Amino acid sequence: MLRDSSQRLAEPDGNAARRRLALLLRSAIGRGDYPRNRLPREWELMESSGETRAVVRDALGELAAAGVVTREQGLGTRTGVLPSIFGLREFHGVDGVPEQSTYPTVTDRSIIPTPPVVAVRLPGCGDEVLRVEYIAVALDFPGAVSTNYFTLPACAALAEADFGHNIYAFLANGGITLSASEFLIGAAEADPYTAARLKAEPGTALLTLEQIMYDADGEAICFSAVAQRGDRVRFFAHTGPAAAADEPPTSA
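Here is a short report on the structure shown in this document. Just so it is clear, the model here is predicted, and its values are computed rather than measured.

## Regarding the sheet that holds strand 8 (residues 205-215)
Within a sheet, adjacent strands bond to each other through the backbone by hydrogen bonds, running parallel or antiparallel.
So, step 1. In spatial order, the strands read 4-5-6-9-8-7; together these six strands make up an open sheet with antiparallel pairing. Bordering the open sheet on either side are strand 4 (104-113) and strand 7 (178-189), each of which pairs with just one other strand. Neighbour to neighbour, the strand axes of the sheet diverge by 15° on average, direction disregarded.
So, step 2. Strand direction decides the pairing type here: strand 5 (residues 128-138) and strand 6 (residues 141-151), joined by ten bridges, are antiparallel. Paired with Y134 across the bridge in strand 6 is S146.

## Thoughts on the pairing of strand 1 (residues 69-72)
So, step 1. In terms of strand pairing, strand 1 meets strand 2 (residues 76-79) through four bridges, oriented antiparallel. Bridge assignment links V69 to a residue of strand 2, and that residue is T79.
So, step 2. Hairpin connection, strand 1 to strand 2: the antiparallel pair is bridged by three residues, and G74 has positive phi, about 85°.

About the thresholds
- Residues numbered from 1 in each chain as written.
- Predicted model: local features only at pLDDT ≥ 70, side-chain atom pairs only at ≥ 80, totals over all residues.
- Heavy atoms only, no water.
- Pairing = 2+ DSSP bridges.
- Helix = DSSP H or I, 4+ residues; strand = E, 2+ residues; numbered from the N terminus.
- Axes fitted to C-alpha atoms, helices over the stretch in contact; angles between N-to-C directions.

Encoded structure:
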């Protein structure tokens, strides 16, 4: 017999209003809706949302505590560091090199024994793979750490290639083109080591991304494991008759 769970899931009206307003403001900030990164004043938000001053202040306070906005007396409320927005279809990298930069700083490039997990993801790899790790750093804020494993000898040229502005430029500089790629996106709490790398608190919720890339012959040649700060990146995708023109609405 189905049971009514509405009572168990009920929340105070004020809490619901704060939650909904905070989510709407996050969306507006993330898409760059506010000119010069300045949010409307409290009374303007009250008028546009129909909420009380207490709800507006609490919602802004939550966003400030999360680092999404900054609030200063006399200066109003401003957005923090806007996330970069990537067209997800474009960022598969199979139609050429995306123009969007990830501002990579390479921290490791070495040939290592193939880890068992990587061997499963890249069935054609041998006993050794090329490991390349980089941190995406925009405006001095680390947004992601990406560890990438490339098959050898297929990707041997990458050991000396210039990395460029994103991983697809790196592949192109090594003479590699892609025919396909796949993403698996999830979430996890930051362990102390990843948190330190991304200048976040341990336990912070991070986006996780796994990618397998396939060369022109359809062979899996790269497995990437990425941890991303959700406040530093957003993905955009559109499907429909105009899906081929998958462009993000704005880009920070």
